[in-house]
Amino acid sequence: MAEISIIIPMYNESRNIHPIYDAINKVIKPLKHKFEIIFIDDGSHDSTIENLDKLADKDSRVKPIQLARNFGKEIALTAGLHHAKGDAAIMIDADLQHPPELIPKFIKKWEDEGADLVIGVRTDTKTTPLKRLTSGTFYKMVGVLTETDLVPHATDYRLVDRQVIDAFNQFTERNRITRGLFDWLGFQRTFIYFKARERKFGKATYSFKKLFHLAMNSFIGHSLVPLKMAGYIGTIIMLTSVPLGVLIFLDRYLLKDQFGFHFSGSAILAVINLFLSGVTLSCIGMMSLYLGNVNKEVTNRPLYVVRPERRNGNGNGNGKH
Ligand code: UDP
Ligand code: MG
C-alpha cells in the first residue's frame, strides 16, 4: 500500500497544531494508505515544538523536525521533502487556509490519473488589495522576465510524486522558491481549484518585506533581463552618440562650420560623455552574459531530468553525475 507523507511547515503555529492535526486525521482515517505527518518547526518562538513532541508521543505517524532557527517557509518545505519517506508527499499550510478535505482528491488525481504533480490553485480573491496587486504584477513580471512559466495563483498546497521529490532533492541552490523549482522540473501536472479560508489562529508571518525578498530572489535566480537591459540601453546610447560625434568632427574640423551649427565646447563634451556612458553600460550588459554562465554553473542544476516509469523503484534517473 502506498505511503504518503504530509508536510506541514510551522512558524509560531502552536495554536493551530490541534486544529490542523484533527482536520487531517479526520480526512485520512477512511483512506487505506499509510501516512506520516511531518511537522517542520521553522525556529518558532512559541511552544510549537513542545506541543508537537507531545503529539508525537500519542501518534507514531507524527514526525516533528525542528530547524535550529527561522529559515523561512521555502527552506522548511525543502527540509520536509528531504525527510519524506512516502511514495508521494503533500505539502499543506498549518493555518488551515488550505482545506484538508481536499487531500483525498489530491491522492485520487495522483493514483487514478497518473499525475506526478497535483497543484492547488486559489480561485478566491479574498486577499488584501495590496497583496492581489503585488501578486498579479509579480506573475506578469516573472512571465516576461524569466524562462520559468509560473502558474498564476498556484499555491504550495500540492502533491508531488516520489520521482519528483527525488529530482527536487538534487537541487543545491540556496535562494529558492519551491514552487518555481517544481515548475522548472516539468513532469505531468494537474490542478485542483480551491477557495482559501481565513487563517485559523494568529496572523500571517509572510510580511510585505519577506514577500518582496521572495519576489526579488525569483527574478535574480531566474532572469538576467534587468542586466541585459543595461547592455541594450548602452548600445543604443553608443550608437546614437557616434553619428553625433562624426557630425561634430566633420562640421568643425573638415568643413569649417559650413553647416552653421556652431557646436559649443560643452556640446562636444556632452557627446563624448554620452559615448562613454554608452560604452560603460554596454560593458555591463556584456558582463551579464558571463555572469549568467557563472550563475548557471554554480547553481548546478541537473542537466536534464528524465521521467522514469512511475513508482517502479528504478531510482530517479537524474542527469546529474
Ligand atoms: N511559515 C514557515 N516559516 C516562515 C513563515 C511561514 O514555516 O518563516 C509557514 C507558516 O507556519 C504556515 C505557512 O508557512 O504554515 C504559510 O505562512 P503564512 O500563513 O504566514 O503565509 P500566507 O498564508 O500569507 O502564505
Ligand atoms: Mg496562511
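These lines cover the structure that appears in this document, whether it is placed above or below. Residue numbers restart at each chain and count upward from 1, following the sequence in its written direction. As a convention, the first chain written is A and the first ligand written is 1, with the rest following in written order. Since the coordinates come from a predicted model, pLDDT governs what is reported: local features require at least 70, and pairs of side-chain atoms require 80 or more to be given and counted, while whole-chain, interface and lining totals use all residues. With hydrogens and water stripped out, all remaining heavy atoms of the structure feed into the side-chain values.

## Describing the overall build of the protein
Reasoning step 1: What the protein contains, in helices and strands, is ten helices and seven strands.
Reasoning step 2: In this setup the radius of gyration rests on C-alpha atoms only. A globule is expected at 2.2 Å times the number of residues raised to 0.38. Whereas a compact globule of 321 residues would reach a radius of gyration of roughly 20 Å, the protein reaches 27 Å, over 25% beyond that.
Reasoning step 3: Principal axes of the C-alpha set define a box for the protein whose edges measure 95 × 45 × 35 Å.
Reasoning step 4: Counting the 321 residues in the protein, one finds 43% classified as buried.
Reasoning step 5: By the convention used here, residues are in contact when the closest approach between their heavy atoms is within 4.5 Å. Restricting the contact set of the protein to residue pairs at least 6 apart, pairs at least 24 apart contribute 80%. Note on conventions: DSSP H or I runs of at least 4 residues are helices, E runs of at least 2 residues are strands, and numbering of each starts at the N terminus. For the exposure calls, accessible area comes from a 1.4 Å probe over protein chains only, and a residue counts as buried if that area is under 20% of its type's maximum, exposed if over 50%, partly exposed in between.

## Points about the coordination of the magnesium ion (ligand 2)
Reasoning step 1: Distances define the donors: N, O and S atoms within 2.8 Å of the metal qualify, as do those within 3.2 Å of Na, K or Ca. Water is excluded, so some sites may look unfinished. At this site the magnesium ion (ligand 2) is bound by Asp-95 (OD) and Gln-97 (OE1), with donor distances of 1.9 to 2.0 Å.
Reasoning step 2: The exposure class assigned to Asp-95 is buried, which follows from its relative accessible area of 4%.

## Some words on the site of ligand 1
Reasoning step 1: Here, proximity means that at least one heavy atom of the residue falls within 4 Å of the molecule or strand. Not every one of the 18 residues close to ligand 1 is listed here, only the nearest: Glu-13, Asp-42, Asp-95, Gln-97 and Thr-205.
Reasoning step 2: Contacts described as polar in this section are N or O atom pairs within 3.5 Å, which, within protein, must combine one atom able to donate a hydrogen with one able to accept it, while residues neighboring in sequence count only if both atoms come from side chains. In this structure, Glu-13 approaches ligand 1 through a side-chain N or O atom, which is 2.6 Å from an oxygen atom.
Reasoning step 3: Gln-97 has a polar side-chain atom sitting 2.7 Å from an oxygen atom of ligand 1.
Reasoning step 4: Here the Shrake-Rupley method, with its probe set to 1.4 Å, supplies the accessible areas, and only the displayed protein chains count as covering residues. The fraction of the free accessible surface of ligand 1 (520 Å²) that becomes covered by protein chains is 92%.
Reasoning step 5: The residue classification treats Ala, Val, Leu, Ile, Met, Phe, Trp, Tyr, Cys and Pro as nonpolar and Asp, Glu, Lys and Arg as charged. All others, Gly included, are polar. Of the residues contributing to the shell around ligand 1, the split by class is six nonpolar, four polar and eight charged.

## Details of the packing of helix 3 (residues 73–83) against helix 7 (residues 178–185)
Reasoning step 1: For helices, the axis comes from a line fit to the C-alpha atoms of the stretch in contact; other axes are also lines fit to C-alpha atoms, and the angle between any two N-to-C directions lies between 0 and 180 degrees. Contact geometry for helix 3 and helix 7: axes closest at 9 Å, N-to-C directions at 55°. Viewed along their axes, helix 3 and helix 7 adopt a mutual orientation that is oblique. The segment helix 3 lies against helix 7, with Glu-74, Leu-77 and Leu-81 engaging Thr-178, Arg-179 and Phe-182.
Reasoning step 2: Each residue belonging to the contact of helix 3 with helix 7 can be placed in one class, and the counts come to three nonpolar, one polar and two charged. For classification, angles of less than 35 degrees are called roughly parallel, those exceeding 145 degrees roughly antiparallel, those between 65 and 115 degrees roughly perpendicular, and all remaining angles oblique.

## Looking at helix 10 (residues 265–299)
Reasoning step 1: Here a helix's expected span is defined as the number of its residues, less one, multiplied by 1.5 Å. For helix 10, built from 35 residues, the straight-helix expectation of 51 Å at 1.5 Å per residue is met to within 8% by its first-to-last C-alpha distance of 50 Å.
Reasoning step 2: Turning to helix 10, its buried residues are Val-271, Gly-278, Ser-282, Gly-285, Ser-288, Gly-292 and Thr-299.
Reasoning step 3: Looking at the buried residues of helix 10, the elements they touch are helix 9 (225–254).
Reasoning step 4: Phi for Asn-300, located one or two positions after helix 10, is positive at around 55°.

## Observations concerning the environment of Ser-218
Reasoning step 1: Summarising the element assignment, Ser-218 is placed in helix 8 (residues 208–222).
Reasoning step 2: Owing to a relative accessible area of 6%, Ser-218 belongs among the buried residues under this scheme.
Reasoning step 3: Taking the C-alpha atoms as reference points, Ser-218 and Gly-180, 38 residues apart in sequence, are found 7.9 Å from one another.

## With respect to the side chain of Glu-3
Reasoning step 1: Residue placement: Glu-3 occurs in strand 1 (residues 3–10).
Reasoning step 2: The residues touching Glu-3, leaving out its near neighbours within four places in the chain, are Lys-34, Glu-36, Gly-86, Asp-87 and Ala-88.

## Some thoughts on the side chain of Arg-158
Reasoning step 1: Mapped onto the fold, Arg-158 is located in strand 6 (residues 154–161).
Reasoning step 2: Comment: no salt bridge for buried Arg-158; closest opposite-charge side chain is Asp-183, at 4.4 Å.
Reasoning step 3: A distance of 3.0 Å separates a polar side-chain atom of Arg-158 from the backbone oxygen of Thr-155.
Reasoning step 4: When sequence neighbours within four positions are dropped, the list of residues in contact with Arg-158 reads Ala-89, Ile-90, Met-91, Phe-106, Leu-117, Val-118, Ile-119, Gly-120, Arg-179, Phe-182 and Asp-183. For the charge count, each Lys or Arg is scored as positive and each Asp or Glu as negative, with His and the chain ends excluded. Note on definitions: salt bridges are taken to be side-chain nitrogens of Lys or Arg within 4 Å of carboxyl oxygens of Asp or Glu.

## Things to note about the pattern of salt bridges
Reasoning step 1: Under the defined criterion, the tally for this structure stands at 14 salt bridges.
Reasoning step 2: Of the charged contacts, one joins Asp-156 and Arg-179 as a salt bridge, the two residues approaching to 3.2 Å between their closest N and O atoms. Separated by 23 residues along the polypeptide, Asp-156 in strand 6 and Arg-179 in helix 7 bring together distant segments of the chain.
Reasoning step 3: Using a relative accessible area of 6% as the deciding quantity, one classes Asp-156 as buried.
Reasoning step 4: One salt bridge connects Arg-162 with Asp-166, and the closest N-O pair in it is separated by 3.0 Å.

## Some remarks on helix 4 (residues 103–112)
Reasoning step 1: Within helix 4, burial applies to Ile-103, Phe-106, Ile-107, Lys-109 and Trp-110. The buried side chains of helix 4 occupy one side of the element, clustering within an arc of 160° when seen end-on. Among the exposed residues of helix 4, those oriented more than 90 degrees off its buried face are Lys-108 and Asp-112. What the arc measures is the spread of directions leading from the helix axis to the C-beta atoms.

## Considering the packing of aromatic side chains
To describe a pair of aromatic rings, one takes the distance between the centres and the angle between the planes.
Reasoning step 1: Ring geometry is summarised as follows: Phe, Tyr and Trp rings, the Trp one being its six-membered ring, pair when their centres sit within 6.5 Å, and such pairs are stacked at plane angles under 30 degrees, edge-to-face over 60 and tilted between the two. Enumeration over the complete set of coordinates arrives at six aromatic pairs.
Reasoning step 2: Summarising the aromatic geometry, the rings of Phe-106 and Tyr-157 are spaced 4.6 Å apart at their centres and angled 40° between planes, so their arrangement reads as tilted. Of the two residues, Phe-106 is situated in helix 4 and Tyr-157 in strand 6; the sequence distance between them amounts to 51 residues. The pair Phe-106 / Tyr-157 is uniform in exposure class, with both members buried.
Reasoning step 3: Seen in terms of ring centroids, Phe-171 and Trp-184 are 5.6 Å apart; in terms of plane orientation they differ by 70°. Their pairing is edge-to-face.

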